[in-house]
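Here's the letter readout for the chains.
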There are 2 protein chains.
Amino acid sequence: MKNGLFELDAAILCAGSVVGCKEREGPLGNLFDMHDTDDRFGQKTWEKAESEMQRRALGVALAKWGRDRDSLDAILAGDLLNQCIGSAYGLLDFGVPYFGLYGACSTAALGLLLGSVLVSAGYVRHAAAVTSSHNSSAERQYRTPLEYGAQRTPTAQWTVTGSSAFILGSIREGGDPCAQIVQAMPGIPLEMGIRDAANMGAAMAPAAVDTLERYFEASGTAPTDFDAIVTGDLGWEGSAIFHDLLYADGIETAPMYTDCGTMIYSRHMQDTHAGGSGCGCSGVVTAAYFLPKIISGEIRDMLLIGTGAMMSPDALKQGQSIPAIGHLVRIRKGN
Amino acid sequence: MKNGLFELDAAILCAGSVVGCKEREGPLGNLFDMHDTDDRFGQKTWEKAESEMQRRALGVALAKWGRDRDSLDAILAGDLLNQCIGSAYGLLDFGVPYFGLYGACSTAALGLLLGSVLVSAGYVRHAAAVTSSHNSSAERQYRTPLEYGAQRTPTAQWTVTGSSAFILGSIREGGDPCAQIVQAMPGIPLEMGIRDAANMGAAMAPAAVDTLERYFEASGTAPTDFDAIVTGDLGWEGSAIFHDLLYADGIETAPMYTDCGTMIYSRHMQDTHAGGSGCGCSGVVTAAYFLPKIISGEIRDMLLIGTGAMMSPDALKQGQSIPAIGHLVRIRKGN
């Protein structure tokens, strides 16, 4: 440990991604493993649909891995629903030791981070990091039910309907891992006075900047050491703030920088205002877009900073502002 | 790793406990570090009061430790409130890398488990495991606001108003630890058909039994190897079921067994029906009652099985039953 830096040696053995119809229609649509045409995934409620997405995402990941649930020693999972029921119900059938996480939209990175700790330190052989979000369940919980037809503001993001599952193993235990998690920097919660649940990008950008700057300092690296620097779901608004804050500190990330929230929907063809958000956003974009590029060698070294806004609707009604966090994992092409 | 068993070498360096007035009036009342006479802790809302409890619990723990927040490398925290805002807002001021957990009422044990992993594997030098629950914030979120005066059933438990904070460090790094976390067994979520949010003991007991039986098998231990076998918050109803289920499998824990939910209130003098529950229940009882007994040597070796019911009110309205989990940590007197 040096200034909060975690040295890890975990391998991402495989990943599964499941999305809804809007995500399927987006620019990355044909990369995802599975999609549903009405976002219900055969269920009667949006919450059950979200659980079903997690069940399918982990099922797909296990199928790619060629093993069954008995080979999994731990699941780390969480989501945006109250009491994280997307995960609790979705992963119940697997019967695997379960670590419940809450990191809001940073959960994919938080799961990769803590899962990598468990396998790197030898506590488990294989762990799954799973998360999800569902536009319909999130909107009615955080804002208003979709049926109300509420007007969205320009800074509002669109909660991704999607679930990702990553299977992690130790590099030392062999196989031929092609993507490795070699370092991580846990986030520190920051609150900068944003009270608008329709502007989460602004709330989260400072936390992502804080984590990235701490990472550069602790690791002795610079932006140009990486092929890609990727934030979770700052969206168009938050990404611009992220870039400006770093630039003010003399750090230029522009050519390498992108954000999963700006990638998953077409800015001009799909009306999502400030881009995508939700736990599933960085999860499915990492699983379906970045991971194959790491494995092919097109991207050899990247930083993923999962970003999360940890407010609740009640907290905002009580006049609180939005605490945000950014968890960083460094993903590198293996041998 | 053997059959899911985690071998750890963490020390509980100190702990803080903060409770409300009913807990202060209970049989363990004078053991807690701090209490409030109106459960508001100087705040205008119950949710803010819960955050304030966490802030004070960690503050007390740091004060006992004789160090400030700069000595903390990680906080692991969670609570029952939607989006875990008790933790997110309560611990914001500390500015420490933060791992958000969701384990429902098992969170104290889950934090001790994952915090011990981080210090045992050398990822951090010192970690804090913090959790809380508040009767008034929990009742209005999970059931009905207190003002409704809803009739409670005999199996209903009383959510503890309390917060605990434990400071963990590595045994190897010296000092004179008096309580050590030497093993852990993560829980597997189980769902046995209970749909009654006023009977969480029945939902959680099978999960606690499952974890304990897996622990005995993996560790080669038996109930008589321990001075105390303690469940988190099964309460009177769940404890009886726990005992019956184990007995049916030929395991007798009776003389060593107790449950934090049955200890924190007087069964006859305080009307709590089936006993205490909530993340704070096992947290404050462990911090204020068991930890000093471990340090004094009165208890030399104990198992704490934090129990959690991971449902949400929405899930129950949608006809789901209650998934439960039990996370086990073995706490032993150090040198």
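Owing to the predicted nature of the structure, the values given are computational and were not obtained by experimental measurement. (Residues numbered from 1 in each chain as written. Chains lettered and ligands numbered in written order. Predicted model: local features only at pLDDT ≥ 70, side-chain atom pairs only at ≥ 80, totals over all residues.)

Q: Would you mind going over the confidence of the model for chain A with me for this structure?
A: When pLDDT drops low, the exact placement of atoms in the prediction is not to be read closely. The predicted model of chain A has a mean per-residue pLDDT of 96, with 97% of residues at 70 or higher. Under the prediction, the complex receives an ipTM of 0.98, its pTM being 0.98. (pLDDT = per-residue confidence, 0-100.)

Q: I tried to follow the interface of chain A and chain B on my own but got confused; where do I start?
A: Counting residues at the interface gives 49 residues for chain A, matched by 49 residues for chain B. In the side of chain A that touches chain B, the residues fall into 30 nonpolar, 13 polar and six charged. (Contact = placed C-beta atoms within 7 Å. Nonpolar A, V, L, I, M, F, W, Y, C, P; charged D, E, K, R; others polar.)

Q: Whenever I open this one, the packing of helix H6 (residues 200-219) of chain B against helix H7 (residues 235-248) of chain B confuses me. Can you help?
A: In a pair of packed helices, the angle between the axes and the distance between the axes together describe the arrangement. All names here are of chain B. As a packed pair, H6 and H7 sit with axes 8 Å apart at the nearest point and diverge in direction by 35°. As H6 packs across H7, the resulting crossing turns out to be right-handed. Residues Gly201, Ala202, Met204, Ala205, Pro206, Ala208 and Val209 of H6 form the contact with H7, whose participating residues are Gly235, Glu237, Gly238, Ile241, Phe242, Leu245 and Leu246. Its residues assigned to classes, the contact of H6 with H7 shows 10 nonpolar, three polar and one charged. (Axes fitted to C-alpha atoms, helices over the stretch in contact; angles between N-to-C directions. Helix = DSSP H or I, 4+ residues; strand = E, 2+ residues; numbered from the N terminus. Left-handed = near helix turned anticlockwise from the far one by under 90°.)

Q: How do you make sense of the relation of the copies chain A and chain B when you look at a structure like this?
A: Taken as rigid bodies, chain A and chain B are interconverted by a rotation of 180° and an axial shift of 0.0 Å, the fit giving an RMSD of 0.0 Å. Here the transformation between the copies is reduced to the relation of a two-fold axis. When C-alpha positions in chain A are compared against the rotation axis, the closest is assigned to A:Leu101, at 2.1 Å. Mapped onto chain B, 100% of the interface residues of chain A are again interface residues, and the two copies thus contact each other with one and the same surface. (Least-squares fit on C-alpha atoms with pLDDT ≥ 70 in both.)

Q: Quick question: what am I supposed to make of helix H9 (residues 279-296) of chain A here?
A: Within an α-helix, residues lying three or four positions from one another point in the same direction, as the helix has 3.6 residues per turn. An ideal rise of 1.5 Å per residue puts 26 Å on 18 residues; H9(A) measures up with 26 Å between its terminal C-alpha atoms. The buried count for H9(A) comes to 14 of 18 residues, which makes it a mostly enclosed element. (Expected span 1.5 Å × (residues − 1). Buried ≥ 20, exposed ≤ 12 C-beta atoms within 10 Å, placed from the backbone.)

Q: How do you make sense of the pairing of strand S3 (residues 74-79) of chain A when you look at a structure like this?
A: Every other side chain in a regular strand lies on the same face of the sheet, so the side chains alternate between the two faces. Residue and element names in this part refer to chain A. For S3, the buried fraction is high: six of the six residues fall into the buried class. Both faces of S3 are covered, namely the face carrying Ala74, Leu76 and Gly78 and the face carrying Ile75, Ala77 and Asp79. Examined bridge by bridge, S3 and strand S5 (residues 126-133) share six bridges and lie parallel to one another. Residue Gly78 lies in a different strand from S5, and its bridge partner there is Thr131. (Pairing = 2+ DSSP bridges.)

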